[in-house]
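# Working through the structure, step by step
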Amino acid sequence: MTNRYDEKERRIHCAFSEKCGGCDYAGMKYDNELAVKQKYIEELFGEYVKVDDIVGMYRPIHYRNKVHAVVGLDDSRNVIAGTYEENSHRIVDTSDCMIEDSQCTDIIKDIKELIASFKYQPYDEDAGKGMIRHILLRKGFSTKEIMLVIVTAGVAFPSKNNFLKALCEKHPEITTIVQNINDRRTSMVLGKRNIVLKGKGYIEDVLCGCRFRISPTSFYQINHQQTEKLYKKAIQLADISKNDTVIDAYCGIGTIGIVASKKAGKVIGVELNSEAVSDAKINASINNIKNVTFVNADAGDFLVEYAKNAKADVVIMDPPRSGSTPEFINSLLKIKPDRIVYISCGPDTQARDIKVLVKGGYKVTACQPFDLFPHTEHVENVILLKR
Ligand code: SAH
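Residues numbered from 1 in each chain as written. Predicted model: local features only at pLDDT ≥ 70, side-chain atom pairs only at ≥ 80, totals over all residues. Heavy atoms only, no water.

## Examining the nonpolar core
One recurring pattern in soluble globular proteins: nonpolar side chains tend to sit buried together. Within the largest apolar cluster, 91 residues are counted, with the highest numbers of intra-cluster contacts made by I316, M317, F328 and V341. If you tally residues by element for this core, the top one is helix α5 (residues 224–238), at 6 residues. Per-domain counts for this core show at least three residues from each of domain 1 (43–57 + 223–386) and domain 2 (66–207). If you look at the next biggest cluster of nonpolar residues, it comprises 26 residues, including I115, I150, F157 and I177. (Core = buried A, V, L, I, M, F, W, Y, C linked by side-chain atoms within 4.5 Å. Buried < 20%, exposed > 50% of the residue type's maximum accessible area, 1.4 Å probe, protein only. Helix = DSSP H or I, 4+ residues; strand = E, 2+ residues; numbered from the N terminus. Domains from an automatic or database assignment.)

In structure tokens, the structure reads:
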């Protein structure tokens, strides 16, 4: 073990953090880190409302249920796997990590050895040559199901059956294996085509009492324990009742909308990623939910159309880090929902969007930050706006 965790101060000491750059607050006491994050949110939103205390994790380690490693060669041409060094395309061979799920870290270590022993060439970005590009693992926190996605540059996978046999002997806990083909010269991890090599091709997890299917390209929150607290708060703030029409914008696999649907009249989810929308529709049926529909569209385009002749009582929005768009925000101001719950993993862009909503007649009535990403600089923030 190269890494250490100080239980009392909830401080991590990591041998890789300086190069990897993933954990900006490695070495800092966790309570101090929470104070830094609290202050950051207060600076952004303190002018509107009293910011509630950030909700931290009790044991803030090994929380990441999604682990990604880039595969490459070091200077001595040994196979390595890990993250890109900050602001570069050099790979840091992170053989141990304080925030990833440990079982996933172990699987990656063994895959790296198997790649070397099967003499598979890691993909070389500059030359555009080689076979193995990335390894992606996802684990269901409640179900313990594990999905391995091996991203290759082409379809060819020599000695595939022997490779899979060796891997599954070592790690029978991997419930499904998918080969993803990414033949483009891009920094995007996943390509368009998936070939299921073992199992179902997806995992399931249980979150807030509902069961969810998660496919390889679908978004799913990476910190299960904190997400349950986040969703609970967001839905409580939305104060949904049986007559309400709720829009779950940027809905991913439909998690928030499906959990909220039990209290609502009807829920409409909108999401850009078609694979996630397919998951969301299946998730509604797995949970026997009948009052939810999902639309595969850009959230802004959808809302522009929706605003022409329909109303909503509540809009829950959870856009990516870049925030929402003027089309979306302006349509919100036309629909005039009574309550807007804005969940964000990018409080800077959230502040930009909130400013427009406040100008448009909304009042910020609650602000609750959550630490979904301990030891990194990222903060998740929930804001309630009322008309
Ligand atoms: N609410 C979900 C997903 C949040 S992540 C959850 O908690 O799991 C943000 C989601 O927005 C992703 O699923 C992403 O695919 C989707 N997204 C990104 N840009 C979008 C757009 N322009 N329109 C609709 N959805 C978008």
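Having put the structure on the table, let's press on.
## Focus: the site of the ligand
With respect to spatial proximity, 16 residues lie near the ligand, and among them Y231, E271, D298, A299 and D318 are the closest. Contact between the ligand and D298: a nitrogen atom at 2.7 Å from a side-chain N or O atom of the residue. Residue D318 places a side-chain N or O atom 2.9 Å away from a nitrogen atom belonging to the ligand. Considered on its own, the ligand offers 570 Å² of accessible surface; in the complex 86% of this is hidden by protein. (Near = heavy atom within 4 Å. Polar contact = N/O pair within 3.5 Å; in protein donor to acceptor, adjacent residues only side chain to side chain. Areas by Shrake-Rupley, 256 points an atom, 1.4 Å probe, with all protein chains shown as cover.)

## Quick notes on the domain arrangement of the protein chain
Considered domain by domain, the protein chain is made up of domain 1 (43–57 + 223–386) and domain 2 (66–207). Using C-alpha coordinates to define each centre, domain 1 is positioned 32 Å away from domain 2. Listed as interface residues are 12 residues of domain 1 and, on the opposing side, 8 residues of domain 2. Taken together, the two surfaces of domain 1 and domain 2 that pack against each other cover about 640 Å², and 72% of this comes from carbon and sulfur. Of all residues in domain 1, H224, Q225 and E228 bury the most surface against domain 2, accounting for 52% of the area lost on that side. There are 0 salt bridges connecting domain 1 and domain 2. Across the contact surface, domain 1 and domain 2 share 2 residue pairs in polar contact (both at pLDDT 80 or more). Elements that contribute at least two residues to the side of domain 1 that touches domain 2 include exactly α5, α6 (255–261) and α7 (274–286). Considering every element that reaches the side of domain 1 that touches domain 2, the biggest residue donor is α5, with 5 residues. (Contact = heavy atoms within 4.5 Å. Buried area = accessible area lost by both parts, 1.4 Å probe. Salt bridge = Lys/Arg side-chain N within 4 Å of Asp/Glu carboxyl O.)

## Some details on the environment of L197
With respect to the helices and strands, the residue L197 is situated in strand β9 (residues 193–198). Along the sequence, L197 and V178 sit 19 residues apart, while their C-alpha atoms lie 5.4 Å from each other.

## A look at the layout of surface pockets
Roughly 760 Å³ of volume is contained in the second largest pocket. Elements that contribute at least two residues to the lining of the second largest pocket include exactly β3 (66–73), β4 (79–84), β5 (91–92) and β6 (132–139). With 5 residues, the single largest contributor to the lining of the second largest pocket is β3. (1 Å grid on protein atoms, 1.4 Å probe; cavity = no way out; pocket = protein on both sides within 12 Å on 5 of 7 lines; lining within 4 Å. Points joined across faces, edges and corners; volume = space filled by probe spheres on them.)

## Brief notes about the side chain of Q350
Take Q350: it is sitting in helix α10 (residues 347–359). Not counting chain neighbours up to four residues away, the residues in contact with Q350 comprise F45, Y342, I343, S344, N381, V382 and I383.

## Focus: the sheet that holds strand β18 (residues 380–386)
Strand pairing in a sheet relies on backbone hydrogen bonds, with the paired strands running either antiparallel or parallel. Taking strand neighbours across the sheet as the criterion, the 7 strands line up as β14-β13-β12-β15-β16-β18-β17 in an open arrangement whose pairing is mixed. Of all the strands in the sheet, just β14 (292–296) and β17 (363–370) have a single pairing partner and so form its edges. Within this sheet the neighbouring strands show an average axis-to-axis angle of 15 degrees, counted without direction. Inspection of the sheet shows strand β16 (residues 339–344) paired to β18 by 6 bridges, in the antiparallel sense. Looking across to β18, one finds that I340 is bridged to L385. Set on the sheet, helix α2 (residues 30–45) makes contact with β17 and β18; between it and β17 the angle comes to about 165 degrees. Sheet strands in contact with α5 are β15 (314–317), β16, β17 and β18, and its direction is about 160 degrees off that of β16. (Pairing = 2+ DSSP bridges. Axes fitted to C-alpha atoms, helices over the stretch in contact; angles between N-to-C directions.)

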